[in-house]
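Coordinates in review
Here's the letter readout for the chains.
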Amino acid sequence: MLEAPQMQPDTPSQTGQPAPSVLVFDSGVGGLSVAGEIRKLLPGLRLIYAADYAFLPYGEKTEAQLIERVPRLLAALEARFAPKIVVIACNTASTVVLPATRAALQAEVVGTVPAIKPAAALTQTKVIGLLGTPGTVRRTYTQHLIDDFASDCQVLRHGSVELVGLAEAKLRGEKPSQAAVEAAIAPLYAQPGGGDVDVVVLACTHFPLLAEELAAASAPKVRLIDSGAAIARRVKTLLGVQSLPGPAPAGPAILTPGADIGALKPAFAAYGFDEIEILDV
Ligand code: DGL
């Protein structure tokens, strides 16, 4: 028998309709870059954030490990919060777990995948940089995006675990060392053709959190693009709303064990998640 979901009541809006809620999921703080874009577009939306610190970094996990874990974790979160939409704000997970997650959940599932198509439309030099986790840059899914949308471009890839760590540290309040950011991105530009890169796809949701540092470590002609704003527009379309003015009903951040909550609290609060809860899975 199915257990009754422990739903938190949605705050009724002025129209008497329950306010919709959306769950944003990542391995760590990366999904905050997506949650921030959703909040900008729909300030009145109730957002719940979930981060799987117990399994961070996802970029070093096998596809089988992610397929076994992510749909199961998201199903548990869906049973508790009954969100209308689940956003997997993680390229590393989305490029492998989307079918299994859609099969496991009732909510609409929105994935975050590398912004190859807009990059191909933007590049003048036809040389694109793809900066993701080691998992994302080697995925078949990513190769299909390149074949489908950027077959006339040279795509230089680099997978970095270091940048994920630097973004996490930044949101714990540790100023990232510019030399460390430069060293982490250098292998992208050191490849043949690297000097011609004019668009870099930030194919990991942690990386927009380092946008300033990455821009300073890149040639002035390089444009950095990510999928955050497109995800926010997709959420708006799926909700079928024109606007949702703020303030938003409070929604918590749910973290699996392993995070330094004390250090992360201000960053979560800055993104509107004042309450942090640990979920032991
Ligand atoms: N934020 C995740 C992404 O978009 C990856 C971070 C990790 O490796 O856990 O790919």
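Keep in mind it's a predicted model, so treat the numbers as computed, not measured. (Residues numbered from 1 in each chain as written. Predicted model: local features only at pLDDT ≥ 70, side-chain atom pairs only at ≥ 80, totals over all residues. Heavy atoms only, no water.)

1. Focus: the sheet that holds strand β4 (residues 108-111)
Across a sheet, paired strands are connected by hydrogen bonds in the backbone, their directions being either parallel or antiparallel. Pairing within the open sheet is parallel, and its six strands lie in the order β4-β3-β1-β2-β9-β10. Each edge of the open sheet carries a strand with a single partner, namely β4 and β10 (276-278). In this sheet, adjacent strand axes meet at a mean angle of 20° when their direction is disregarded. Taken together, the four bridges between strand β3 (residues 85-88) and β4 define a ladder with parallel strand orientation. Directly across from I88, in β4, lies its bridge partner G111. Its contacts with the sheet put helix α3 (residues 91-104) on β3 and β4, and the angle it makes with β4 is roughly 170°. (Pairing = 2+ DSSP bridges. Helix = DSSP H or I, 4+ residues; strand = E, 2+ residues; numbered from the N terminus. Axes fitted to C-alpha atoms, helices over the stretch in contact; angles between N-to-C directions. Contact = heavy atoms within 4.5 Å.)

2. Here's the deal with the confidence of the model for the protein chain
Looking at the protein chain, pLDDT values average 93 and 93% of them are 70 or higher. Long-range and interchain partners of residues 1-14, a stretch whose pLDDT sits below 50, account for 20 contacts in this model, where long-range means more than four residues apart. (pLDDT = per-residue confidence, 0-100.)

3. Details of the site of the ligand
The local shell around the ligand holds 14 residues, among which S27, Y58, G59, T92 and T205 are the closest. In the environment of the ligand, an oxygen atom lies 2.6 Å from a nitrogen or oxygen atom belonging to the side chain of S27. Between the ligand and T205, the relevant distance is 2.8 Å, taken from an oxygen atom to a main-chain nitrogen or oxygen of the residue. Coverage of the ligand by the protein chains reaches 99% of its 300 Å² of free accessible surface. Judged by its atoms lying within 2 Å of the grid points, the ligand is housed in the largest cavity. Taken together, the residues of the shell around the ligand sort by class into six nonpolar, seven polar and one charged. (Near = heavy atom within 4 Å. Polar contact = N/O pair within 3.5 Å; in protein donor to acceptor, adjacent residues only side chain to side chain. Areas by Shrake-Rupley, 256 points an atom, 1.4 Å probe, with all protein chains shown as cover. 1 Å grid on protein atoms, 1.4 Å probe; cavity = no way out; pocket = protein on both sides within 12 Å on 5 of 7 lines; lining within 4 Å. Sits in = over half its atoms within 2 Å of the grid points. Nonpolar A, V, L, I, M, F, W, Y, C, P; charged D, E, K, R; others polar.)

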